[in-house]
Amino acid sequence: RLKIYDELIDNQLSQNPPNHDVLDMLNTKYIISQDTAHNSSVVANETACGHAWFVKTVRFAANADKEMAAISSFDPKDEAIVEEKYKSLIDPKQLGIDTAATVKLVHYNPDDLVYQTGSTATQVAVFSEIYYPKGWKMYIDGKESPYFCADYVLRAAVIPVGNHKVEFIFHPASYYTGEKISLAGYILLI
């Protein structure tokens, strides 16, 4: 597992009870619990944030430790906690709020995710996918765009006004370079 995910489990989910805000941001649909007689029950989590959502505000944290502390108590549907090193990607003056804005997952493949967005304001969208910058690229209407880490482990991006196709594609250069080297080696061997 990724170190940031292990840290999230250790700091937010291993406590009793686990941090419900973090369960919501991870889009946890069901929670299994046990009573004192060790009987298990499954409860639907009605407050899960979904695959992606627009937030109303962005709060900056000085470092990863402060970001972890900030997600101990926040409303993930309304607020994104972002480390200050990503501040250059977000211009708060350009951000607005459209409470009717939509962001929907329309195609899912482990290495290719497609969302449709619609908004009358430039907003920050949070995607309930683990942030891992190596090999992942984000495209808005086919044009590569930057994304950043929010809420300690999730992906987020500034989405401009209008209707857009937002796509995350996993295309690690090292893998494809390795494939070319293998093919060249195979050809030389023959």
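Shown above is the structure to which this text applies.
An account of the accompanying structure is given in this report. (Residues numbered from 1 in each chain as written. Predicted model: local features only at pLDDT ≥ 70, side-chain atom pairs only at ≥ 80, totals over all residues. Heavy atoms only, no water.)

### Points about the environment of Met 25
Put simply, the rule is: Numbered from the N terminus, helices here are DSSP runs of H or I no shorter than four residues, and strands are runs of E no shorter than two. Note on exposure labels: buried denotes an accessible area under 20% of the residue type's maximum, exposed denotes more than 50%, and partly exposed covers the range between, all computed with a 1.4 Å probe on protein chains only. Contact between two residues is taken to exist if any of their heavy atoms lie within 4.5 Å; hydrogens are not considered.
You can see Met 25 is positioned in helix H2 (residues 20-25). Met 25 sits in the buried class, given a relative accessible area of 0%. Considering only alpha carbons, one finds Met 25 and His 164, 139 residues apart in sequence, at a separation of 23 Å. Excluding residues within four positions of it along the chain, Met 25 makes contact with Leu 8, Cys 49, Trp 53, Ile 71, Phe 74, Pro 76, Ser 128, Asp 151, Val 153 and Leu 154.

### As for the sheet that holds strand S11 (residues 148-150)
Here is the rule: For two strands to be treated as a pair, DSSP must find at least two bridges joining them. Every axis corresponds to a line fitted to the C-alpha atoms, with the helix fit spanning only the stretch in contact, and the corresponding angles, defined between N-to-C directions, vary from 0 to 180 degrees.
Ordered in space as S3-S8-S12-S11, the 4 strands form an open sheet in which the pairing is antiparallel. What marks the edges here is a single partner per strand, and that holds for strand S3 (52-55) and S11. The mean angle between the axes of side-by-side strands here comes to 40 degrees, regardless of whether they run parallel or antiparallel. Relative to strand S12 (residues 154-159), S11 is paired through 3 bridges, and the arrangement is antiparallel. The residue of S12 that forms the bridge with Phe 148 is Ala 156.

### Remarks on the pattern of salt bridges
Basically, it comes down to this: Between Lys or Arg on one side and Asp or Glu on the other, a salt bridge is scored when a side-chain nitrogen of the former is within 4 Å of a carboxyl oxygen of the latter.
According to the stated counting rule, one finds 5 salt bridges in the structure shown. We note a salt bridge from Glu 7 to Lys 3, for which the minimum N-O separation is 3.9 Å. Here the residue Glu 7 and the residue Lys 3 both occupy positions in helix H1 (residues 3-13), the gap between them amounting to 4 residues, near one helical turn. Note that Arg 59 and Glu 79 form a salt bridge whose closest N and O atoms lie 2.7 Å from each other. Of the two residues, Arg 59 sits in strand S4 (residues 57-61) while Glu 79 sits in strand S5 (residues 79-83), which places them 20 residues apart along the sequence. Under the relative-accessibility criterion, Glu 79 is labelled buried at 16%.

### Overview of the nonpolar core
Which entries qualify depends on this criterion: Working definition of a nonpolar core: buried Ala, Val, Leu, Ile, Met, Phe, Trp, Tyr and Cys residues. They are joined through side-chain atoms within 4.5 Å.
With 43 residues, the main nonpolar core has Met 25, Ile 71, Tyr 115, Phe 127, Ile 159, Val 166 and Phe 168 as its most contacted residues. The residues contacting Phe 127, other than those within four sequence positions of it, are His 51, Ala 52, Val 103, Tyr 115, Leu 154, Arg 155, Ala 156, Ala 157, Ile 159, Val 166 and Phe 168.

### Concerning unusual backbone geometry
Going from Asn 16 to Pro 17, the amide bond is cis rather than trans, its omega being 0 degrees. The residue Asn 27 is not glycine, and still its phi comes out positive at about 60 degrees. Mapping Asn 27 onto the fold places it in the loop between H2 and strand S1 (30-34).

### Side note on the packing of aromatic side chains
Selection rule: Two aromatic rings, drawn from Phe, Tyr or Trp (for Trp, its six-membered ring), form a pair once their centres lie within 6.5 Å of each other, and the interplanar angle then sorts them: stacked below 30 degrees, edge-to-face above 60, tilted otherwise. Definition used: whenever NZ (Lys) or CZ (Arg) falls within 6 Å of the ring centre and also within 35 degrees of the ring normal, the charge is taken to sit over that ring.
Scanning the model with the defined rule gives 8 aromatic pairs in all. Lying over the aromatic face of Phe 60, Lys 87 brings its terminal NZ or CZ to 5.0 Å of the ring centre. Above the plane of the ring of Trp 136 lies Arg 155, whose end atom (NZ or CZ) is 4.1 Å from the centre.

### Here's the deal with H1
So the rule is basically this: Within this analysis, the arc is defined by the directions that extend from the helix axis to the C-beta atoms.
Restricting attention to buried positions, one finds in H1 the residues Leu 8, Ile 9 and Gln 12. All buried residues of H1 lie within an arc of 110 degrees about the axis, which places them on one face of the element. Among the exposed residues of H1, those pointing more than 90 degrees away from its buried face are Lys 3 and Asp 10. Along its buried surface, H1 packs onto H2 and helix H3 (64-70).

### Considerations on the pairing of S3
Note on strand geometry: in a regular strand, side chains alternate between the two faces of the sheet. Burial along S3 is two-sided: Ala 52 and Phe 54 facing one way and Trp 53 and Val 55 facing the other are all buried. Both S3 and strand S8 (residues 123-130) contribute to a ladder of 4 bridges, which runs antiparallel. Residue pairing across strands places Ala 52 opposite Phe 127, the latter belonging to S8.

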